[in-house]
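Analysis of the macromolecular model
Next come the chains, spelled out residue by residue.
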Amino acid sequence: MQNIRNLLLKKRSVFFTGGALILLFFFYNCLPDPLFNDPISSVLLSSEGKLLSAKIAKDQQWRFPYNTKISEKFETAIILYEDKRFYYHPGFDPLAIVRSLYLNLKADKTVSGASTISMQVIRLARKNKKRTYFEKLIELILALRLEVKYSKEEILALYASYAPFGGNVVGLETASFRYFERASSNLSWAEACTLAVLPNSPSLIHPGRNRKKLKDKRDKLLKTLFEKKIISNLDYRLSKIEEVPQNPKKLPQMAQHLMNSLDRSNKKRSVLKTTLKYNIQKNVTKILNDHSKDLLIKDIHNGAVIVIDNENLEVIAYVGNTNTGKKVNKGNNVDIVRSPRSTGSILKPFLFASMLEKSEILPDTLVSDIPTQYNGYIPENFDEKYRGVVTAKAALSKSLNIPAVRMLRQHGIHRFYDFLKNFGITTLHRDADDYGLTLILGGAEGTLYDIAGVYANLVRISENPDKYASHKFDKKYQKIKVLKDREHHKGDLSISSGSAYLTMQALLEVVRPGTENFWKKFSSSRKVAWKTGTSYGLRDAWAIGCTKKYTVAVWIGNATGEGKPGLVGVTVAAPVMFDIFNFLPESKWIEEPESDLKTVKICNKSGKFPTTLCETKDIKIPVNSHYSDICTYHKRIHVDKKGYRVNSNCESVSKITPKVWFVLPPLQAFYYKRKNASYKNLPMERSDCQRLSSIKDMEIVYPPYGTSLFIPIDLDEKISATVFEAVHRGKDSIIYWHLDDKYLGTTSFIHKISYAPKPGKHKLILVDNKGIRVERQFKVIGK
C-alpha cells in the first residue's frame with residue numbers, strides 16, 4: 001500500500017509540475033508580439049527634433065510613432081489621475097480592485113473601475129474588448145506579463161503613445177500638436193492636465209464639445225496637484241485661467257513635399273529626422289510664398305527653394321513648391337526640387353571650371369562672340385546682340401550663349417557630359433551626342449536638388465585646403481544629404497581648389513544685359529557669387545547663389561511647363577534668392593587657396609601669355625595649369641606720316657614709324673568696336689604698297705562656314721532671297737560679289753547683297769578693290 005501511495009504522489013507531483021510548466025509557457029507567450037501593430041503616421045523632424053510635417057496613418061488616424069520620452073508634467077498628471085500606485089503594484093492594484101468591487105456592488109452598477117495603466121495598455125493592445133469581469137481577468141494576467149517584460153517607464157511610454165485623445169487623435173505627442181501646437185515637452189501644467197483626463201473618456205469628452213465638463217475635470221486634477229504641493233499656488237491660479245482647446249488644429253506642413261518624397265523612398269521608417277533647420281525652413285517658406293503671391297498676377301504659379309550648408313553639405317531648407325493659400329491647384333503638389341527641368345544657362349560655371357582644370361582657358365582668355373552656326377544649330381545671346389570678343393570670365397558673368405557654345409565645342413561635348421555626371425547631375429539619361437551643343441544652354445534637364453549640390457561642392461572644394469588636415473579635405477564631389485543619419489555618397493571626379501575658386505570669383509558680379517536697374521535692389525556689402533538661368537520658351541527661371549557658408553537655389557515657373565512673358569531668372573528668381581540671403585546670417589567670403597594658385601603674367605588685352613609686344617598684368621591661375629597659348633592679337637605694323645600701313649618696298653625705312661597694334665579679325669572687330677569705343681581700326685595699307693601682311697582685311701559674315709541653308713518658297717512659289725553679308729576694315733573699300741560663275745554686284749561701306757540661290761552646292765566669292773579675295777562654300781536645301 002505504501003508503494004502505491006508513493007507512486008500516486010509521484011504521479012501527482014509530475015502532473016502538477018507539468019501543468020505548472022504548461023501554465024508558465026502560456027504565461028510567457030501570452031503577450032502579442034509586437035504588442036501594437038497599428039499603422040503609424042510618418043513624421044518629419046528638423047535637425048533639432050522639432051516637427052516639420054506629418055502624414056496621416058493608413059487607417060486615417062493621427063498616430064505618431066512610439067516615443068520613449070514622456071513629458072514630466074504629463075507623467076505626474078496621468079499617474080495622479082489614473083494610477084496613483086503605478087510605480088508600486090505588479091500590474092494590477094489589489095486595493096483599487098477591492099474598492100471598485102465594493103462601490104459597484106453597493107450601487108448595483110459599474111460606477112468605478114480598477115484598471116491600472118498597465119491594464120489599460122493591454123486593453124488598447126486588444127482593441128478595447130467588451131468590459132466584462134472575464135475580460136478584466138484576462139487583462140489582469142496580461143498586465144502581469146507586461147510588467148515582467150517591460151519596465152515601468154516603457155509601459156508608461158506605451159500608454160502615452162497609443163492612448164486615444166478624442167476623434168482620430170492617438171498618442172500624447174499627436175495630441176500635444178493637434179490641441180496645443182507644440183511638443184509635449186513644452187506643455188504647461190494646465191495643458192498636461194487637460195491631456196491627462198482625455199483618455200479616460202475620449203468619446204464623451206471631446207475638446208470641441210462638452211468644454212465645461214472637460215475644464216471641470218482638468219481643474220479638479222490641478223487642485224489635486226496643488227494640494228499635494230506639486231505645483232505652487234501661483235501656478236494653480238494661473239493654470240485655472242487657461243482656456244481648454246476647441247477643435248483640433250492642423251499639424252505643421254512646412255516641408256510637405258519633402259515629407260512625401262522621403263516617405264515614398266523610406267517606407268519602413270516612420271520617423272524621418274532631417275538636416276533641416278526649423279527656423280530657417282520656416283522663414284524660407286514664408287519668403288517664397290510671399291513672392292509667389294505677387295507672381296500669381298503674372299500667371300506664374302510654382303516655385304521651389306533649397307538651402308545648403310556648404311561646410312557639411314547638409315540641406316537646411318527644402319521648399320518643394322509654393323503654397324499661396326489659393327484653392328485652385330496649379331501643380332502645387334509636385335515636388336519641384338526633385339523634378340527634372342530645363343537647365344537654361346545654369347550649368348555654364350561648370351564648363352568654365354572644367355576648361356580651367358584642363359588648361360584650355362585662362363580667366364581672361366578672349367572668346368569669340370560673333371554669329372555662329374554648327375550643323376544648322378544657331379545659338380543666340382539673350383539680348384540678341386554680339387560683342388565680337390569677350391574674356392572667358394566676362395562671358396560667364398554676362399551669361400553669353402554664343403561664347404558658351406563655342407567653348408563647349410572646343411572643350412568637347414563628351415568630356416563635359418562626363419564631368420557633369422561625375423559631379424552629381426543624375427538626370428543625363430541620353431547619350432552625349434543626343435544633347436549636342438545644346439547641353440550648355442538648357443538642352444538637358446536637371447533637378448534643383450542636384451544642381452544646388454554641385455554648386456555647394458564647388459564652394460567646398462574652392463576652400464583653402466591648407467587649413468584642413470590632409471585626411472579631412474577631399475576634393476572629390478560629395479552628394480548633399482537631407483536625412484541626418486545618411487552618409488555622404490562620394491563621386492569619382494576631383495577638381496582643384498584653384499579652378500573652383502577662380503570660378504566662384506568670376507560669379508561674384510553677375511550682370512545681365514538690359515537689366516541694370518534690377519541690381520539696385522540687390523546691393524549688399526556681402527559677397528555672393530551667383531548665376532541665373534532661363535530656359536527656352538521662358539518656362540524655367542533659375543537663380544543660384546553661394547557664400548562661403550550657404551548655397552541658395554531657387555526655381556520659379558509653372559509645373560505644367562507653360563511659358564510666360566517675364567519668366568526670366570534675373571527678374572523672378574533672383575529677388576527670392578537675395579531675400580533669403582538677407583535673412584541668413586552673414587558669411588565671410590571664401591579664403592583664397594594659395595597653395596593651389598600661382599601668379600603669372602598675361603597679355604593685358606588678349607588674356608593669353610604675352611609676347612614682347614604686349615602690355616602685361618599679373619593674374620592667378622590653377623597651380624597645375626599648363627596653358628601655353630601665346631598672344632596673336634598684337635601685331636607690329638609700320639605706318640607713314642599719313643598713317644597708312646607701308647613696308648620697305650613702297651617707302652624708305654627712314655620715313656617708316658613702327659607701332660604695336662591690337663588687331664582683331666575683321667568679323668570680331670566689326671562687333672567689338674560697337675561696344676568698345678576705344679578700339680582703333682587697323683590703318684589701311686597704302687594703295688601703292690605691295691601686300692605683304694598676313695592680316696585679314698575682309699571676312700564673310702553670312703552664310704557662316706559649313707552652312708546648309710533652308711530657303712523658304714514664297715506664296716507665289718518663288719524662292720525667297722537670301723541676304724549675304726561681309727565686313728571690311730576699309731571705310732572706302734569696294735567689294736565685288738560673285739556666286740559660282742555669276743556676278744551679283746558691288747557694295748561699299750555696308751556690305752550686304754540679296755540673291756535667291758537655287759538648291760544645291762554653291763561657292764560665294766568676294767574680291768575687294770585691292771584684289772583681296774575670300775570665298776565661302778555653302779549648300780541650299782530645297783523645298
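Residues numbered from 1 in each chain as written. Predicted model: local features only at pLDDT ≥ 70, side-chain atom pairs only at ≥ 80, totals over all residues. Heavy atoms only, no water.

Our focus in this paragraph is the overall build of the protein chain. In terms of regular secondary structure, the protein chain is built from 21 helices and 28 strands. Excluding contacts between residues fewer than 6 apart, the proportion of contacts in the protein chain whose partners are at least 24 apart in sequence is 66%. Summed over all atoms, the accessible surface of the protein chain reaches about 38900 Å², with 52% contributed by carbon and sulfur. (Helix = DSSP H or I, 4+ residues; strand = E, 2+ residues; numbered from the N terminus. Contact = heavy atoms within 4.5 Å. Areas by Shrake-Rupley, 256 points an atom, 1.4 Å probe, with all protein chains shown as cover.)

On to the nonpolar core. Grouped together as the largest cluster of nonpolar side chains are 80 residues, with contacts concentrated most on Ile-306, Val-315, Phe-350, Phe-416, Leu-420 and Leu-439. Among the elements that make up this core, the one with the highest residue count is helix H18 (residues 448-462) (10 residues). If sequence neighbours within four positions are ignored, Ile-306 has contacts with Val-315, Ala-317, Tyr-318, Val-337, Leu-448, Tyr-449, Ala-452, Ile-480, Thr-551, Val-552 and Ala-553. Residues Leu-31, Ala-77, Ile-122 and Tyr-179 belong to the second largest nonpolar core, which totals 49 residues. (Core = buried A, V, L, I, M, F, W, Y, C linked by side-chain atoms within 4.5 Å. Buried < 20%, exposed > 50% of the residue type's maximum accessible area, 1.4 Å probe, protein only.)

What the rule picks out here adds up to one disulfide. Covalently, Cys-650 is tied to Cys-689 through a disulfide, its sulfur atoms 1.7 Å apart. Across the S-S bond linking Cys-650 and Cys-689, the dihedral sits near 80 degrees, which makes this disulfide right-handed. Placement of the pair is Cys-650 in the loop between strand S19 (634-639) and strand S20 (657-662) and Cys-689 in the loop between helix H21 (666-675) and strand S21 (698-702), with a sequence separation of 39 residues. The pair formed by Cys-650 and Cys-689 is uniform in burial state, with each residue classed as buried. We note that Cys-603 lacks a disulfide partner, and the nearest cysteine sulfur, in Cys-614, lies 3.1 Å from it. Residue classification places Cys-603 among the buried positions, given a relative accessible area of 0%. (Disulfide = S-S within 2.5 Å.)

So, about the confidence of the model for the protein chain. Within the protein chain, residue pLDDT values average 86, and 86% of them lie at 70 or more. Segment residues 512-517 is flagged for pLDDT under 50; beyond a separation of four residues in sequence, or across chains, it makes 11 contacts in the model. (pLDDT = per-residue confidence, 0-100.)

Before going further, it helps to spend a moment on the packing of helix H9 (residues 211-227) against helix H10 (residues 233-241). Relative orientation of the contacting elements H9 and H10 amounts to 175 degrees, with a least axis distance of 10 Å. When the axes of H9 and H10 are compared, the pair comes out roughly antiparallel. Between H9, through Lys-215, Arg-218, Asp-219, Leu-222, Lys-223 and Phe-226, and H10, the contact on the second element is made entirely by Asn-233, Tyr-236, Ser-239 and Lys-240. Here the contact of H9 with H10 is built from residues that sort into three nonpolar, two polar and five charged. (Axes fitted to C-alpha atoms, helices over the stretch in contact; angles between N-to-C directions. Parallel < 35°, antiparallel > 145°, perpendicular 65-115°, else oblique. Nonpolar A, V, L, I, M, F, W, Y, C, P; charged D, E, K, R; others polar.)

Time to look at helix H2 (residues 72-82). Phe-74, Ala-77, Ile-78, Ile-79, Leu-80 and Glu-82 are the residues of H2 that are buried. Buried positions along H2 lie against helix H4 (117-125), helix H6 (152-162), helix H7 (172-180), helix H8 (189-197) and H9.

Turning to unusual backbone geometry, a few remarks are in order. Cis geometry marks the peptide bond from Tyr-702 to Pro-703; its omega dihedral reads 10 degrees. Inspection of the secondary structure assignment puts Pro-703 in the loop between S21 and strand S22 (708-710). Even without being a glycine, Gln-60 presents a positive backbone phi close to 65 degrees. Mapped onto the fold, Gln-60 is located in the loop between strand S2 (51-55) and strand S3 (62-63). Positive phi, normally seen in glycine, also occurs at Glu-181, with a value near 55 degrees. The topology assignment puts Glu-181 in the loop between H7 and H8.

Turning next to the side chain of Thr-322. With respect to the helices and strands, Thr-322 occurs in the loop between strand S7 (314-319) and strand S8 (341-342). By relative accessible area, which is 2% here, Thr-322 ends up buried. Only 2.9 Å separates the side chain of Thr-322 from the backbone oxygen of His-301, close enough to count as a polar contact. Excluding residues within four positions of it along the chain, Thr-322 makes contact with Leu-288, Asn-289, Ser-292, His-301, Asn-302, Gly-303 and Asn-332. (Polar contact = N/O pair within 3.5 Å; in protein donor to acceptor, adjacent residues only side chain to side chain.)

Moving on to a nonpolar patch on the surface. Taken together, the side chains of Phe-134, Leu-137 and Ile-141 make up a nonpolar region of the molecular surface, amounting to roughly 300 Å² of accessible area. Relative to the assigned elements, Phe-134 resides in helix H5 (residues 133-149). A residue is classified by how much of its surface remains accessible, and Phe-134, at 57% relative accessible area, is exposed. (Patch = residues over 30% accessible without salt bridge, like charges linked within 9 Å, V, L, I, M, F, W, Y side chains within 5 Å. Salt bridge = Lys/Arg side-chain N within 4 Å of Asp/Glu carboxyl O.)

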